[in-house]
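# Residue-level structural notes
Here is how the chains run, residue by residue.
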Amino acid sequence: MSTNQYNRFTVTAALPYANGPKHIGHLAGAYIPSDVYVRYLRLSGKDVIYVCGSDEHGTAIPNQALKEQTTPQAIIDKYDALIRECFDKLGISFDIYHRTSEAIHHQTSQEFFLTLYNKGLLSEEVSEQYFDEEAKVFLADRYIVGTCPKCGHTNAYGDQCEKCGSTLSPRELINPRSTLSGKTPILKPTRHWYLPLEKYEPWLRDWILKSHQHDWKPNVFGQCKSWIEAGLQPRAMTRDLDWGIKVPLPGAEGKVLYVWFDAPIGYISATRALFDEITSGNRKYATPRSDFSKADKDDWKKYWQAKDTRLIHFIGKDNIVFHCIIFPVMLHTSEEFILPDNVPANEFMNLEGDKMSTSRGWSIEMHEYLADFPDKPDVLRYALLTNLPETKDSEFTWKDFQAKNNNELVAILGNFVNRAVVLTQKYFDSEIPARKELVDVDKKALADLKQYPTLIASSIEAFRFREATANLMDLARVGNKYLAETEPWKLAKTDMDRVGTILNIALQIAASLAIVSEPFLPFTSRKLKDMLGVGDWNWKEAGNPDLLNPGTKLREATLLFEKIEDAVIDSQIKKLMDTKRAVELAQQPAVPAKAEISFDDFSKMDIRIGKILKAERVEKSKKLLKLQVDTGLDVRTVMSGIAEHFTPEEVIGKQVTILVNLAPRKIMGVESQGMILMASDKDGSLKLLSPSTETAPGSQVS
RNA sequence: GGCGCGGUAGCUCAGGUGGUUAGAGCGUUGGAUUCAUAACCCAAAGGUCGGGGGUUCAACUCCCCCCCGCGCUACCA
């Protein structure tokens, strides 16, 4: 079916997994592009719903609860609220942001499962799985470690050895142990229901490889092809877990639906909830953005079952297999639902040269950005939009973020609008002047103006959001160029009719900018419309040279954007480094304890408090400082390998802990009489051990 | 190992089904200008399109080999 035969759109954005905060890579992957797309559709008067919600099941939630010493419910409540609030503040305009923990979702998922089950499409199989007797749970591959059978690495995971890279299954591990309890797991038979993906291979070949070779993105298509060619296998749709959606079958106690079975169904549940809430007037999660006043409770079906509905899934590349293979097979075999027409998955966005990762502390979390830049959601949207990982992994840097703000949003877009409005203020007392006779340069500007909305629209429709964003900025460039060419500030002395014509055209360009910027920069669009004293327009009015009526007054000029100074950027980069370091330290295990010793062994050491009187570098040595230390017994020379961590000036006058009865030893030709004790931090840095308050030199440490 | 996607100016990236001097933005340099948040506008410099073969009148674009990065490899969400 070609695009123009569709009468309505169902747009989904990947359900964020509610086990932690989400970062700007997630925004770039799915939420920003889908929001631009949906806002554009709405402005164009299309019938569209935009659904999302928190994904709250799966093994990682209870695990996170364990880590935070709380309950799974507390985890999902916490992160659902956090993620929900961030999306709102960033202007992600879902019609509903739902939760998979809601009853209606449990019901929808169980119905879906039973539909497949009753059709006899799920096969039941018993297999032996590792079970942790202490934690009383079956273990996912990732939670089993052991010795790699190929390289002997002692900490290989149940699915893969990170040392040699080989793919493993838990049964291959030598001396397996559970990461939950540390105990050796036992094998225990367990029964599960499988979706026989291999049976649908011919159908998938036809649907994807034949029908969507040209309209799906190469990365998406290639990934699907890779999976299909590799040969599909049955995939278990249930798990042994007590957190999730109960398997609705007799004798299935302790079993839940596989989180990847229920998560995509969440799109459907969210849609049901949307129409429930609209028609009942009971708003809990829904924030409908279009006019649904005539909606019916059952209208959710139109958005999931009618052939003239276009379903689009926005996701990151990690989700391709679920949205292009597994979920479509589920939809197809249920024989009740439509299939996605496109899945414009993005690649990943890296950060300052490294992969983004919340757990490694190398990321910009949404809530942290919003805390640091509360009035700048559009700046982030713009910086991400201009660099979306549409065809390959892309790179976010703070310097680039600053440059995009200062050189484009401020200097091009903000500046153009400001010039037009301020000039009108100056020469016409803020009253929009009329156009008089047009010369070539005016006609050229109006002709350009007319083209841009079409150009931008076609880029959006082709899921080329980066290109669309660049076109948006180019329209502002047209405005700046027009002002530079016509120079109204010079004509103001001689020809006010001409000045009026020019400013009318400049303001008309600004008005169209207010329309076409809405999908990309919704907050800025609002600000600009307020400044121009106008309401909302439809997309098809963009490019119209008569949006603004001569004689009406403009509001006071305000700046759309402000410059971001170097210091702000530098502190963000520092914050990033600090967080990473803190996480690394927290994750590094302490060095194992040494062998036991007796008290006598200990008491042989004479440890005292000393004071460093003098310190100097040692020639030709990188590590050594030559210290003069007052030990209370004497003043002696001690060579200490701390030069990479301290300057001589830093340590002079410091009280330290010193082992005084260590046998003297010549180091670099100097006799060292004792040893300064140091704490070696997890990152390898050294810390002096000083008494908490000034203590007499010679005091014994025991 | 296998498969997939990438490797294009200093940086971030575009370049359907091969065809005139390989593009954009930023950065750099020079010019012009002063209405504007020292912003805008104009211009220039800058690339053996990862490397090597091949097909072709013609290849960044098709085929083969190699190197590098990323991803997937099916119970990590």
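Residues numbered from 1 in each chain as written. Chains lettered and ligands numbered in written order. Predicted model: local features only at pLDDT ≥ 70, side-chain atom pairs only at ≥ 80, totals over all residues. Heavy atoms only, no water.

### Some points on the environment of glycine 479
As for its position among the elements, glycine 479 is in helix H14 (residues 465-486). In sequence terms glycine 479 and lysine 78 are 401 residues apart; their C-alpha atoms lie 46 Å from each other. (Helix = DSSP H or I, 4+ residues; strand = E, 2+ residues; numbered from the N terminus.)

### Focus: the pattern of salt bridges
On inspection of all chains with the given rule, the structure shows 46 salt bridges. The partner of aspartate 308 in a salt bridge is arginine 8, with the nearest N and O atoms 2.8 Å apart. Placement of aspartate 308 in the loop between helix H8 (300-305) and strand E13 (309-314) and of arginine 8 in strand E1 (residues 8-13) is noted, with a sequence separation of 300 residues between them. For the salt bridge of lysine 376 with glutamate 562, the shortest nitrogen-to-oxygen distance reads 2.7 Å. Of this pair, lysine 376 sits in the loop between helix H10 (366-372) and helix H11 (377-385) while glutamate 562 sits in the loop between helix H17 (522-532) and helix H18 (566-587), and the two are 186 residues apart along the sequence. When its relative accessible area of 9% is taken as the criterion, lysine 376 is described as buried. (Salt bridge = Lys/Arg side-chain N within 4 Å of Asp/Glu carboxyl O. Buried < 20%, exposed > 50% of the residue type's maximum accessible area, 1.4 Å probe, protein only.)

### Let's talk about the side chain of asparagine 480
Along the polypeptide, asparagine 480 turns up in helix H14. Classification of asparagine 480 as buried rests on a relative accessible area of 12%. If we skip the residues at most four places from it in the chain, asparagine 480 touches Ala411, Ile412, Asn415, Phe416 and Arg419. (Contact = heavy atoms within 4.5 Å.)

### A look at unusual backbone geometry
Although it is not a glycine, glutamate 335 sits at a positive phi angle of roughly 60 degrees. Here glutamate 335 lies in the loop between helix H9 (320-334) and strand E14 (340-342). The phi angle at phenylalanine 463 is positive, at roughly 60 degrees, despite the residue not being glycine.

### Concerning the domain arrangement of chain A
Per the domain assignment, the segments of chain A are domain 1 (3-111 + 261-346), domain 2 (119-257), domain 3 (366-543) and domain 4 (599-701). Measuring from the centre of the C-alpha atoms in domain 1 to the corresponding centre in domain 2 gives 25 Å. Here domain 1 meets domain 2 over a buried area of about 3,000 Å², counting both sides, of which 74% is carbon and sulfur. Inspection of the region where domain 1 meets domain 2 yields 1 salt bridge. The partner of lysine 119 in a salt bridge is glutamate 335, with the nearest N and O atoms 2.5 Å apart. (Domains from an automatic or database assignment. Buried area = accessible area lost by both parts, 1.4 Å probe.)

### Overview of the protein's contact with RNA strand B
The environment of RNA strand B is formed by 53 residues, the closest being Thr59, Gly231, Trp260, Lys355 and Thr391. Near-protein atoms of RNA strand B (within 4 Å) split between backbone and bases, with sugar and phosphate holding 74%. Within the contact set of RNA strand B, a sugar or linking oxygen lies 3.2 Å away from a side-chain nitrogen or oxygen of arginine 239. Within the side chain of asparagine 480, an N or O atom sits 3.5 Å from a sugar or linking oxygen of RNA strand B. Those elements that place two or more of their residues in the surface near RNA strand B are helix H6 (218-230), helix H7 (259-280), strand E16 (394-396), helix H12 (398-428), H14 and helix H15 (488-491). (Near = heavy atom within 4 Å. Polar contact = N/O pair within 3.5 Å; in protein donor to acceptor, adjacent residues only side chain to side chain.)

### So, the packing of H11 against H12
Running from amino to carboxyl end, H11 crosses H12 at an angle of 105 degrees, the nearest separation of the two axes being 9 Å. For the element pair H11 / H12, the angle class is roughly perpendicular. Contacts between H11 and H12 involve Val379, Leu380, Tyr382 and Ala383 on the former and, on the latter, Phe401, Lys404, Asn405, Glu408 and Leu409. Among the residues forming the contact of H11 with H12, the class breakdown is 6 nonpolar, 1 polar and 2 charged. (Axes fitted to C-alpha atoms, helices over the stretch in contact; angles between N-to-C directions. Parallel < 35°, antiparallel > 145°, perpendicular 65-115°, else oblique. Nonpolar A, V, L, I, M, F, W, Y, C, P; charged D, E, K, R; others polar.)

### Here we look at H14
With 22 residues, H14 ought to run about 32 Å at 1.5 Å a step, and its terminal C-alpha atoms sit 32 Å apart, in line with that. The positive-phi residue at the C-terminal boundary of H14 is glutamate 487, with phi of around 45 degrees. (Expected span 1.5 Å × (residues − 1).)

### Things to note about the packing of helix H5 (residues 201-210) against H9
At a minimum axis separation of 11 Å, H5 and H9 run at an interaxial angle of 110 degrees. It follows that H5 is roughly perpendicular to H9 by the angle criterion. Both H5 and H9 take part in a crossing whose hand is right-handed. For the pair H5 and H9, contact is made by Trp203, Leu204, Trp207 and Ile208 and by Cys324, Ile325, Pro328, Val329 and His332, respectively. Classifying every residue of the contact of H5 with H9 gives 8 nonpolar, 1 polar and no charged. (Left-handed = near helix turned anticlockwise from the far one by under 90°.)

### Notes on the packing of aromatic side chains
All chains considered together, the criterion is met by 32 aromatic pairs. Here the aromatic rings of tyrosine 267 and phenylalanine 327 are separated by 6.4 Å at their centres, their planes lie at 65 degrees, and the arrangement is edge-to-face. Linking tyrosine 267 in helix H7 with phenylalanine 327 in helix H9, this pair joins segments that are 60 residues apart in sequence. Overall, the relative accessible area of 0% leaves phenylalanine 327 in the buried class. For lysine 188, the ring lying beneath its charged end belongs to phenylalanine 131, and the centroid distance is 3.9 Å. Stacked on the ring of tyrosine 258, the Lys or Arg arginine 239 has its end atom at 3.8 Å from the ring centre. (Phe/Tyr/Trp six-rings, centres within 6.5 Å; stacked < 30°, edge-to-face > 60°. Lys NZ or Arg CZ within 6 Å of the ring centre and 35° of its normal.)

### Concerning the sheet that holds strand E6 (residues 144-147)
The strand order across the open sheet formed by 3 strands is E7-E6-E8, and the pairing between neighbours is antiparallel. At either margin of the open sheet sits one strand with a lone partner, and together these are strand E7 (156-157) and strand E8 (174-178). Here 2 bridges tie E6 to E7, and the two strands are oriented antiparallel to one another. Across the sheet, the residue bridging to glycine 146 is alanine 156, located in E7. (Pairing = 2+ DSSP bridges.)

### Quick look at the sheet that holds strand E3 (residues 96-99)
Strand order in the open sheet formed by 5 strands is E3-E2-E1-E13-E14, and the pairing between neighbours is parallel. With one partner strand each, in any of the chains shown, E3 and E14 form the two edges of the open sheet. Strand-to-strand twist across the sheet, computed as the mean angle between neighbouring axes with direction ignored, equals 35 degrees. Bridge analysis of E1 against strand E2 (residues 48-54) gives 4 bridges, and the strand direction is parallel. Along E2, the bridge assignment pairs phenylalanine 9 with valine 48. In the packing of helix H1 (residues 24-43) onto the sheet, contacts are made with E1, E2 and E13, and the angle to E2 comes to roughly 155 degrees.

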